[in-house]
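# Structural description and commentary
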Protein chains: 2
Amino acid sequence: MTRKKQGIQPAIVLIEPQLAENIGACARAMLNFGYSDLRLVNPRDGWPQPHAKTLSAGALDHFTPEVFDSFDAAVEDLHFILATTARTREMTKPIYSPHSASEKASEYKNLEQKTGYIFGCERTGLRNEEIAKCQGIITIETNADFSSMNLAQAVLLIIYQHFLAHKDEDLETSLFMGLKALEDNKYPTRKDLNTFVERLIEELDERHFFRTQEIKPIMERNIHNIFANYDLTDQELRTLHGIVSALTGKKGRKKAP
Amino acid sequence: MTRKKQGIQPAIVLIEPQLAENIGACARAMLNFGYSDLRLVNPRDGWPQPHAKTLSAGALDHFTPEVFDSFDAAVEDLHFILATTARTREMTKPIYSPHSASEKASEYKNLEQKTGYIFGCERTGLRNEEIAKCQGIITIETNADFSSMNLAQAVLLIIYQHFLAHKDEDLETSLFMGLKALEDNKYPTRKDLNTFVERLIEELDERHFFRTQEIKPIMERNIHNIFANYDLTDQELRTLHGIVSALTGKKGRKKAP
């Protein structure tokens with residue numbers, strides 16, 4: 001299902017990953033955004049790794065990474081590959097941020113061509129020979145004094161930007177599902193809102209809230225402003241009416257038992 | 001150094017975090033982007049936790065999280081707080097993406113006011129009472145079929161968007177010029193807002209507003225929600241205090257001539 005939704009997925013290629021935790025966390029992060037094309041090149045502790053499965057929180061029940069024995073084999077079907085590295089090298093290469101990389105990846109995707117994001121091993125990163133084979137570098141801008149990111153977290157940031165740049169293809173997202181919950185919460189007409197505010201002002205006036213007649217129009221405007229700015233729902237407006245009634249003792253209720 | 005670089009930092013507030021790993025990974029992710037205002041509310045296994053330190057890859061040698069015994073205490077000095085939750089609730093609240101949240105946070109930052117991103121515990125997330133006290137919800141749009149994100153990864157995505165939105169601080173863009181008009185309109189701290197809402201609830205309780213003890217917590221939550229959602233200014237909050245005083249006859253003023 002995820003492949004269908006995302007169209008052509010990016011591949012995430014981990015070169016010689018050392019820690020099962022990171023492979024699992026990476027798989028989880030990928031599936032969070034609907035991706036499942038994970039490729040492992042010579043994982044240090046072999047494959048499969050039960051611990052990685054545990055750390056994937058179920059993601060590795062949904063898909064199985066492909067394991068390769070060389071960088072070249074892992075990337076051979078890809079069209080646009082980017083090396084993730086924080087370091088500057090002695091090579092001249094285009095440098096992308098996660099955001100600009102995702103935009104460039106779109107150009108390939110529009111041609112039905114596949115992008116791969118390549119990550120080196122936790123301790124030493126990518127080798128110069130590997131970087132040289134990539135079309136560009138992705139650098140995640142970080143705090144210069146504490147720049148070393150966790151591998152799975154770096155993967156997450158990059159695929160999230162990719163997801164953001166590509167998600168609009170199929171807008172049946174959970175975000176908008178969430179807003180449906182709001183549908184039952186109707187908003188009052190401006191007339192209903194005005195009725196409330198006028199009522200409030202009247203009650204205040206009865207209680208000598210407005211010190212002078214000069215200041216009254218300004219205060220009234222401020223009170224209108226307070227309640228107008230906010231998208232009160234019908235239900236909330238009823239609550240406010242109830243609050244005013246209670247505070248003014250006009251509709252005091254029996255004490256709760 | 002990071003504080004200077006980032007100006008006013010966002011606070012990351014973890015409510016009852018369960019796993020030391022997540023606290024450590026969260027600290028590491030924060031410091032990767034120069035942030036160090038980490039607040040823990042009742043961490044399940046107490047504090048400090050040696051395992052969290054290990055997992056922070058050195059970040060927790062650079063800063064120490066503050067530990068609080070309640071939600072209210074942890075957020076009281078903050079001005080704009082957002083609840084991170086994937087779930088739809090029975091409350092009407094503004095919904096932000098990490099990106100739109102970071103832009104809204106900029107408005108506060110330009111007034112030298114502080115944003116807090118609030119995260120619930122790994123298993124159950126935030127409580128409705130806690131969400132009600134936030135000015136909005138952040139939802140990270142994910143794969144609807146596999147939406148549960150790791151806590152530290154959710155923190156990372158949100159602070160990374162915050163970082164991206166704020167790193168060019170020195171670029172005093174015309175966008176922000178428009179907001180200067182707001183400069184006199186400071187926003188209240190969450191403590192000040194809370195004081196108002198608690199006062200209102202007390203007045204209502206005295207007047208038997210809550211019909212039953214069962215319904216009281218739900219009504220209280222709704223009242224918190226009404227006032228938390230809206231960006232009340234300091235001045236507006238003073239006006240609301242004045243309104244309550246007038247309506248309850250506690251500080252009645254002389255009738256305007």
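Above this text you will find the structure in question.
Residues numbered from 1 in each chain as written. Chains lettered and ligands numbered in written order. Predicted model: local features only at pLDDT ≥ 70, side-chain atom pairs only at ≥ 80, totals over all residues. Heavy atoms only, no water.

### Observations regarding the interface of chain A and chain B
Residue-level contacts link 79 residues of chain A with 74 residues of chain B. Carbon and sulfur atoms make up 61% of the area that chain A and chain B hide from each other, which totals about 6,500 Å². Applying the counting criterion to the chain A and chain B interface returns zero salt bridges. Across the chain A-chain B interface, the total number found is 14 residue pairs in polar contact (both at pLDDT 80 or more). Where the side of chain A that touches chain B is concerned, the elements lending two or more residues are α1 (2-6), α2 (20-32), α4 (59-62), α8 (151-166), α9 (174-180), α10 (190-206), α11 (216-229) and α12 (234-247) of chain A. Looking at the side of chain A that touches chain B residue by residue, the class counts come to 39 nonpolar, 27 polar and 13 charged. (Contact = heavy atoms within 4.5 Å. Buried area = accessible area lost by both parts, 1.4 Å probe. Salt bridge = Lys/Arg side-chain N within 4 Å of Asp/Glu carboxyl O. Polar contact = N/O pair within 3.5 Å; in protein donor to acceptor, adjacent residues only side chain to side chain. Helix = DSSP H or I, 4+ residues; strand = E, 2+ residues; numbered from the N terminus. Nonpolar A, V, L, I, M, F, W, Y, C, P; charged D, E, K, R; others polar.)

### Brief notes about the state of the cysteines
All names here are of chain A. Within the structure shown, the criterion is met by zero disulfides over all chains. For the unlinked cysteine Cys 121, the closest cysteine sulfur is that of Cys 26, found at 14 Å. Here Cys 121 falls in the buried class, since its relative accessible area comes to 12%. (Disulfide = S-S within 2.5 Å. Buried < 20%, exposed > 50% of the residue type's maximum accessible area, 1.4 Å probe, protein only.)

### What to know about the packing of aromatic side chains
For any pair of aromatic rings, the description consists of the separation of the ring centres together with the inter-plane angle of the planes. Taken as a whole and judged by the stated rule, the model has 13 aromatic pairs over all chains. Aromatic side chains A:Phe209 and A:Phe210 sit 5.2 Å apart centroid to centroid with 85° between the ring planes, which places their arrangement in the edge-to-face category. By the burial criterion, A:Phe209 is buried, and A:Phe210 matches it. When the centroid spacing of 5.3 Å and the interplanar angle of 80° are considered together, the rings of B:Phe196 and B:Phe227 count as edge-to-face. Residue B:Phe196 is located in helix α10 (residues 190-206), and its partner B:Phe227 is located in helix α11 (residues 216-229); the two are separated by 31 residues in the primary sequence. Given a relative accessible area of 1%, B:Phe196 falls into the buried group. In this structure B:Phe227 comes out as buried when scored by relative accessible area, which is 7%. One aromatic cluster is present, built from ring pairs that chain together A:Phe33, A:Tyr160 and A:Phe163. (Phe/Tyr/Trp six-rings, centres within 6.5 Å; stacked < 30°, edge-to-face > 60°.)

### Here we look at the side chain of B:Ser102
All names here are of chain B. Within the secondary structure layout, Ser 102 lies in helix α6 (residues 98-110). Taking the relative accessible area as the measure of exposure, Ser 102 reaches 0% and is therefore buried. Contacts of Ser 102, omitting those with residues within four sequence positions, involve Tyr 117, Gln 161, His 162, Ala 165 and His 166.

### Digging into the packing of α12(A) against α11(B)
Contact geometry for α12(A) and α11(B): axes closest at 11 Å, N-to-C directions at 110°. Between α12(A) and α11(B), the interaxial angle falls into the category roughly perpendicular. Contacts from A:Glu236, A:Thr239, A:Leu240 and A:Ile243 of α12(A) reach α11(B) at B:Ile223, B:Asn225, B:Ile226, B:Phe227 and B:Asn229. A per-class count over the contact of α12(A) with α11(B) returns five nonpolar, three polar and one charged. (Axes fitted to C-alpha atoms, helices over the stretch in contact; angles between N-to-C directions. Parallel < 35°, antiparallel > 145°, perpendicular 65-115°, else oblique.)

### Details of α11(B)
Helix length check: α11(B), at 14 residues, gives a terminal C-alpha distance of 20 Å against a target of 20 Å (1.5 Å per residue), a fit within 8%. A large share of α11(B) lies buried, amounting to 10 of its 14 residues. Taken as a whole, α11(B) has its buried residues at B:Lys216, B:Met219, B:Arg221, B:Ile223, B:His224, B:Asn225, B:Ile226, B:Phe227, B:Ala228 and B:Asn229. Check the buried side of α11(B) and you find it contacts α12 of chain A together with α7 (128-132), α10 and α12 (234-247) of chain B. (Expected span 1.5 Å × (residues − 1).)

### Notes on the sheet that holds strand β5 (residues 95-96) of chain A
Residues and elements named next belong to chain A. Spatially, seven strands are ordered β3-β2-β1-β6-β4-β7-β5 in an open sheet, and the strand pairing comes out parallel. Since the sheet does not close on itself, it has two edges, and those belong to β3 (66-68) and β5, each with one partner. The strands touched by α2 are β1 (11-15) and β2 (38-41); relative to β2, the strand with the most contacts, the crossing angle is about 160°. Running at roughly 160° to strand β6 (residues 115-119), α8 makes contact with β1, β4 (80-84), β6 and β7 (136-138) of the sheet. (Pairing = 2+ DSSP bridges.)

### Structural notes on the packing of α10(B) against α11(B)
Between two packed helices, both the angle of their axes relative to each other and the distance between the axes serve to describe the pair. All names here are of chain B. Packing of α10 against α11 brings their axes to within 10 Å, and their N-to-C directions diverge by 140°. Judged by the angle between their axes, α10 and α11 are oblique. Handedness of the crossing formed by α10 with α11: right-handed. On the side of α10, the interface is formed by Arg 190, Leu 193, Asn 194, Phe 196, Val 197, Glu 198, Leu 200, Ile 201, Leu 204 and Asp 205, while α11 contributes Lys 216, Glu 220, Ile 223, His 224, Phe 227 and Ala 228. By residue class, the composition of the contact of α10 with α11 is nine nonpolar, two polar and five charged. (Left-handed = near helix turned anticlockwise from the far one by under 90°.)

### So, the pairing of strand β1 (residues 11-15) of chain B
Residues and elements named next belong to chain B. Taking burial as the measure, the five residues of β1 include five buried ones, the bulk of the element. Residue alternation in β1 divides its side chains into two sets, Ala 11, Val 13 and Ile 15 and Ile 12 and Leu 14, and both sets are buried. Across four bridges, β1 lies against strand β6 (residues 115-119) in parallel orientation. In the sheet register, Ile 12 faces β6, and the bridge partner there is Tyr 117. Bridge analysis of β1 against strand β2 (residues 38-41) gives four bridges, and the strand direction is parallel. Paired with Ile 12 across the strands is Leu 38, a residue of β2. In terms of handedness, the path from β1 via helix α2 (residues 20-32) over to β2 forms a crossover that is right-handed. (Right-handed = clockwise from strand over helix to strand, strands pointing away.)

### Comments concerning the environment of A:Arg199
The topology assignment puts A:Arg199 in helix α10. Non-local contacts of A:Arg199, meaning those with residues more than four positions away in its chain, are made with A:His241, A:Val244 and A:Ser245.

### A word on the sheet that holds strand β7 (residues 136-138) of chain B
All names here are of chain B. Strand order in the open sheet made by the seven strands is β3-β2-β1-β6-β4-β7-β5, with parallel pairing throughout. Of all the strands in the sheet, the pair left with one neighbour each is β3 (66-68) and β5 (95-96). Across two bridges, β5 lies against β7 in parallel orientation. Paired with Tyr 96 across the two strands is Ile 138, which belongs to β7.

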